[in-house]
Amino acid sequence: MGDVLPSAVLELCVLVGVPREKAKEVYQVAQKADVRSIPLLEPEVLSVFVPPFISKQELKATNINNNAFRKTNRRSFRKKKEKSKIEMTGTLNGAQKIPETEDISVPKDVDLNGLPQLCFPGGFYITRESREDQFHFLVFTDVCGNRTYGVVAHYYQPMQNGHIASNGQVHWEAAQPFKATPYFVPFAVCVISRYPYFNALKDCLSCLLVQLKHYKDLDVDDHIKEFAAKLSLTPSPPPGPLHLVFNMKPLQVIFPSQEDPDSPIIDLDLHLPFLCFKPEQVLQIITCILTERKIVFFSSDWALLTLIAECFMLYMHPIQWQHTFVPILSRQMLDFVMAPTSFLMGCHIDHFDEVCKEADDLILINIDNGDIAQSKSSEEETEIPDIPLEAGRIFIRRAENLRLHYDLELCHLSSYIDLGEMQLRRRNWQRRLNAEIQQITLQLIVNIFREVKDHLNYEHRVFNSEEFMKTRAIGDQLFYRKVLETYMFHSFLKARLNRKMDAFGRLEQITQTEEDRFSSMLDSPRRLTMEKMVSKRFNPQYMISKRMGMSLPNLQDIVPKDGPTRSSSHRSINTNHTIRPVPKPANTFKIPEIHFPLVNQCVQTYYADFINHLSRAINIVSPENSALLARYFYLRGLIALMQGKLLNALSDFQNLYKTDIWIFPTDLVRKMVETLSPVDRSQAEQKPELKRLISQVLDKQREITKVDDHVKKFELPKTHMQLDDFVKRIQESGIVKDKDTIHRLFDALTVGQQKQIDPETFKDFYNYWKETEAEAQEVKLPPSVIERLDKNECVYKLSSSVKTSKGVGKIAMTQKRLFLLTEGGRPGYEEITAFRDIEEVKSTTVTFLLLRIPTLKIKTASKKEVFEANLKSECDLWYLMVKEMWAGKKMADDYKDPQHIQQALTNVLLMDAVVGALQSSKIIYAASKLSYFDKMRNEVPMTVPKTTAETLKHKINPSSGETFPQAVEVLLYTPGQLDPSEKHGDAHPKLWCALNDGKVVVFDASTWSIQHYFKVGSLKLKCMVMAEQSQVWIGSQDSIIYLINTHSMSCNKQLNDHRSEVVDIIVENRDSVSSEAYSCSLDGTVIAWSVSTLKVNRRFQLPCDMLTAIKFHNNRLWCCIGSCILVVTTNGSVRQKIEMEDTINMSLHCFQMFPEKDQVWASCSNSSELYIWNMNESSAPLQKISLQDCSEITCMMKVKNQMWIGGRGVSQGKIKGKIYVIDAEKKTVEKELVGHSGHVTALCSAEDRYVLSGSGKEEGKVAIWKVE
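About the thresholds
- Residues numbered from 1 in each chain as written.
- Predicted model: local features only at pLDDT ≥ 70, side-chain atom pairs only at ≥ 80, totals over all residues.
- Heavy atoms only, no water.
- Core = buried A, V, L, I, M, F, W, Y, C linked by side-chain atoms within 4.5 Å.
- Buried < 20%, exposed > 50% of the residue type's maximum accessible area, 1.4 Å probe, protein only.
- Contact = heavy atoms within 4.5 Å.
- Axes fitted to C-alpha atoms, helices over the stretch in contact; angles between N-to-C directions.
- Helix = DSSP H or I, 4+ residues; strand = E, 2+ residues; numbered from the N terminus.
- Left-handed = near helix turned anticlockwise from the far one by under 90°.
- 1 Å grid on protein atoms, 1.4 Å probe; cavity = no way out; pocket = protein on both sides within 12 Å on 5 of 7 lines; lining within 4 Å.
- Points joined across faces, edges and corners; volume = space filled by probe spheres on them.
- Nonpolar A, V, L, I, M, F, W, Y, C, P; charged D, E, K, R; others polar.
- Phe/Tyr/Trp six-rings, centres within 6.5 Å; stacked < 30°, edge-to-face > 60°.
- Lys NZ or Arg CZ within 6 Å of the ring centre and 35° of its normal.
- Polar contact = N/O pair within 3.5 Å; in protein donor to acceptor, adjacent residues only side chain to side chain.
- Pairing = 2+ DSSP bridges.

Draft legend 1. Highlighting the nonpolar core. Judged by nonpolar contacts, the single largest core of 206 residues is most densely connected at Leu231, Phe255, Ile289, Leu290, Phe297, Tyr315 and Phe449. When sequence neighbours within four positions are dropped, the list of residues in contact with Tyr315 reads Leu270, Pro273, Phe274, Val282, Ile286, Ile437, Thr441 and Ile445. With 63 residues, the next largest nonpolar core counts Ile832, Met891, Val915 and Phe933 among its residues.

Here's what the structure looks like:
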């Protein structure tokens, strides 16, 4: 059984020292021998305090067995029982008794036998002088890598005549004839926790030590037991904006929460390493960690060893150290540094020379003086590589601006007069500094590894490390070569391939440039390593004026980009997002007091108080503050579970679906459901929300599948490949992803042979492709040429030096044009033609002496003279390439789809690689197999209807990056808004595209670049609506409504009240009161929701077998059911029924309201007819409109005084996706638009200025149409 019950703050507490008898014996020996120091002793575990602290009998009396929810990886520890003073006195003159023992259950990863030497890592010494209380920190790691943390407090008690004093005073024996010299005995209290609460537990122990000094020796155990009991009843806060406050007297101790479920708890001062090391040295240490070296920290302060090591672990987040982590080695453990594998350990500075001599290949880091050294090496190459130059430069600059000294913050502030105020001010300053350091170190990690994603194949989980290394600067390659071999990087790759949206993913996405977004969207051929043609990138995001609302741009003024800006291989890092971060505001909740003696009644009283405090807090919090509400529900559910009230606990956990699903304890709830008694199970089944919760939890358990987390490095094939294997190999290589293109490539490479490809052919093709990429690095254009090119142009192909009608030079091909790079004293630029201006391309020969020289001729519309180039052996290939680019550009212009030119460019480069790789007389014929657009132009008329050409403004591809097109299921446009919590870039209007299997792609509608990608559920998404400015609701086939936070672009809430697929959601906006949303499911259920509180206001069932859509008009709901439309009140009472008498066997598929004309428009499944009713006069005759050349109507949208109808129909003899624009007044078709090769699946309006249409899986694109 797993560890499903969240651990309390305390796992166990241990008192370590030496027994009284041993201390007395050593003391007496020292007195008799008159020695100045007492010999070194071995400390022992004196007492162990493990929860629960109430008796077994009382525990059995409670309603719940908490052990059913706690982890089972505990083991028994047998320790000697201490005898009471009375027992000891009674046996002085009696017979010797065998020492009693007791069994104690402790966590498996805590070795109590080895704990004493870690509590006293420098040895146990009885001293002649009292010392101040001291603290240090421990970290324990089990075989699975799970960590447990310890905070150790040392305190000293005086000893006189072998007796430890009480009340801090020396205790004198009356019979003692002289006053002996007092000695001081050290003790250690060690608190062990599952959580790294370093500062909080240090504060708790500080309060304990103040009180311990006033207790007698035999009372210490009782007091520590009370202390441990308090902490064992203190829950750890759930991730999010709520910290718990614990009154330890005199301090108010704060237990901080994680920022989110994937973030670590941070309860230490992250700036400590910057006080000990220069930023350059911090980078060196980070490099040693990333390259998994054997690292040993040294310091004279035991506490610093753990704190500094932990800081560096947090600097790496979300990358995690995978090896041995022992930040404190006692003197008995020094041989650990002889370990053969990577590790991070810590030693006292006194052992520096010994460790340095005994072990090889160590990185020795002296915290006290800031030195970093290496021990002798058995390898040739052991130097610490430099961190990537640009990333390191940004880190150093930002680190040097950190405000590290708290005293500087106090200069202008008043003096403290209250301890609590002093604590709060210091804590707030530390939180701000910690947040800034986290931002700086996370930005460093992102800057180092940002471009890893460019070399990943997600479908086949391949990382092409060889190609990634080729894009690294020469000075950075040693660093990357070492890092890429590490376990840490392998785990990092797994997370990237799983598309995990952790801290790295979020920051990488936020700081991504517009150019990078555009490049990923177009999936351009990779030609990365070339001098930049433009010194400064064009980033439209920062050229848009800041305003409260942002609108969709005038698309006729936007020229679609033809491709991404070509960046250098070692591109500069975007530093525009380096503002000083502000930590997220956090609330605090004060835990109620715990009363003693600790009996079951007191514990239950404490739980009841806790529940009452939380209930009051829940009633006070505004429903809009759902994040805080979720934390209160979580804690109340946890405490109710501890009380044994399982149904109450389940109800509170159920509320997390509507407040914050991220902290829903799935494993715990599943275990609760499994342990429900028959009576509780019966009661739960009577409550719909609990019945639904139980069903969901059990269904999820059955659906659990093992996640594929393997990572492969790309390798060339070693066996012959059939088509399917070839497709996989090409996709893994990163050359191209589209399956249809790879099929054509397969045909090209197998011309004249069996339909399989041998490893040598694949190798030749792959190597030639990569060689052309490498050659692109060497192309250096003079400034006079760069000035003539657009900012987003790149040279993809250069011919050899040839004679042309414009002089001698090399023909250069970009994604837009052909030009001649003239040769001679000063290389120059001669324009040949833009692809869109070409009128004719010919491949001919010219006679020179007795030779016939192959020549390419290009006729341009704007020029009289024909361009000629004597390309000789290259002529046939250039002829194919120019024709393909010409055809691709024409189609891109006609269909307003820039992806066509990118596809043509890919085809051209594949032709080049095929010709370069094959040794055959049929290489030109083979290359022609890749002429896709040129063949389309010759075989199929490419004329776009005039109306379509005038109305269509742009096309985008939500399936970019996928291996095949995916159907667009739903579209939603959200206007630009800018509230105080948003960044400037978030204010842009957005287009939301729901694809199959729960995928959602979000475009910035001002630039048409992909901004976000996420997945909700795994089934088809049916509807989307913007419920309020910060929420988009998405209804799914899995019967769940997913709520998307438009700021974080994440789903952290769900509505689970439907029992079948959610088919429609509408929002009723009212000015006087908060708005309501209505959702309906296929089974006829309609639910009215409060948008602000997410509570169910009403629920009713319509009398039907199937409900497909709902609309709201005139305070009535219009519901499409089967062959009719029901008009019902908002409470579900039927007021009207509209049906078609002559279509009994037909089912309505979709409908729209036209309130201005009191009309309802509808269509039936598999029908091309529109039906129009009068809303107010049910007796009025039904109007019909038949759409010409239409085979099916799939969707409709009201825009101004028009009805836009989407479906499929015949155009130029083929079935196409068609849109009919109908004048509502005349009932006539104004426009017939043909913009999709697949049927139209979805329509949405953008501010009534544009209509956006989505197509099926045949094409999978979105078209943007201008509304007249």
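Structure shown, so let's carry the discussion forward.
Draft legend 2. Up close: the packing of helix H21 (residues 646-654) against helix H23 (residues 666-674). With their axes 11 Å apart at the nearest point, H21 and H23 run at an angle of 145° to one another. Two packed elements cross with a definite hand, and for H21 against H23 that hand is left-handed. On the side of H21, the interface is formed by Leu646, Ala649, Leu650 and Phe653, while H23 contributes Leu668, Val669, Met672 and Val673.

Draft legend 3. Expanded view of helix H26 (residues 723-733). Residues Phe726, Val727, Arg729, Ile730, Gln731, Glu732 and Ser733 constitute the buried set of H26. In the segment just after H26, Gly734 is the residue with positive phi, at about 85°.

Draft legend 4. Looking closely at empty space enclosed by the protein. Per the counting criterion, the structure on display carries 3 cavities of 30 Å³ or more. The space that makes up the second largest cavity amounts to roughly 60 Å³. The wall of the second largest cavity is formed by Lys230, Phe246, Asn247, Ile591, Pro592, Glu593 and Ile594. Grouping the amino acids of the lining of the second largest cavity by side-chain chemistry returns 4 nonpolar, 1 polar and 2 charged.

Draft legend 5. Up close: the packing of aromatic side chains. In total, this model carries 36 aromatic pairs according to the counting rule given. Consider the rings of Phe489 and Phe492, whose centres lie 5.9 Å apart with planes at 35°: the pair is tilted. You can see Phe489 and its partner Phe492 sitting in helix H16 (residues 487-497), 3 residues apart, about one turn around the helix. The exposure class assigned to Phe489 is buried, which follows from its relative accessible area of 4%. The buried category is assigned to Phe492, whose relative accessible area is 4%. Positioned above the aromatic ring of Tyr1013, the side-chain terminus of Arg499 is 5.1 Å from the ring centre. The residue whose ring lies beneath Lys1266 is Tyr1250, and the NZ or CZ to ring-centre distance is 5.0 Å.

Draft legend 6. Geometry of the side chain of His136. Within the secondary structure, His136 sits in strand S5 (residues 134-141). On the basis of relative accessibility, which here comes to 3%, the residue His136 falls in the buried class. A polar side-chain atom of His136 sits 2.9 Å from the main-chain carbonyl oxygen of Leu118. In this view, His136 contacts Leu118, Cys119, Pro121, Gly150, Val151, Val152, His154, Trp302, Ala303 and Ile328; residues no more than four positions away in its chain are not counted.

Draft legend 7. The arrangement of the sheet that holds strand S44 (residues 1116-1121) in detail. What the 4 strands build is an open sheet, ordered S43-S44-S45-S46; its pairing is antiparallel. On the outer flanks of this sheet lie strand S43 (1107-1113) and strand S46 (1134-1139), each paired with one strand and no other. Each neighbouring strand pair of the sheet contributes to a mean axis angle of 20°, computed without reference to strand direction.

Draft legend 8. Layout of the pairing of strand S8 (residues 183-193). With 11 of its 11 residues buried, S8 lies for the most part within the structure. What you see with S8 is no split at all: Tyr183, Val185, Phe187, Val189, Val191 and Ser193 on one side and Phe184, Pro186, Ala188, Cys190 and Ile192 on the other are buried throughout. Sheet analysis places strand S1 (residues 12-17) next to S8, joined by 5 bridges and oriented antiparallel. Its bridge partner being in S8, Val16 is matched across the sheet by Ala188.

Draft legend 9. Here's a closer look at the side chain of Arg636. Within the fold, Arg636 resides in helix H20 (residues 626-643). The exposure class of Arg636 is buried, given its relative accessible area of 18%. The residues touching Arg636, leaving out its near neighbours within four places in the chain, are Ile611, Leu614, Ser615, Ile618 and Asp652.

Remember that the coordinates give geometry; whether it matters functionally is a separate question.
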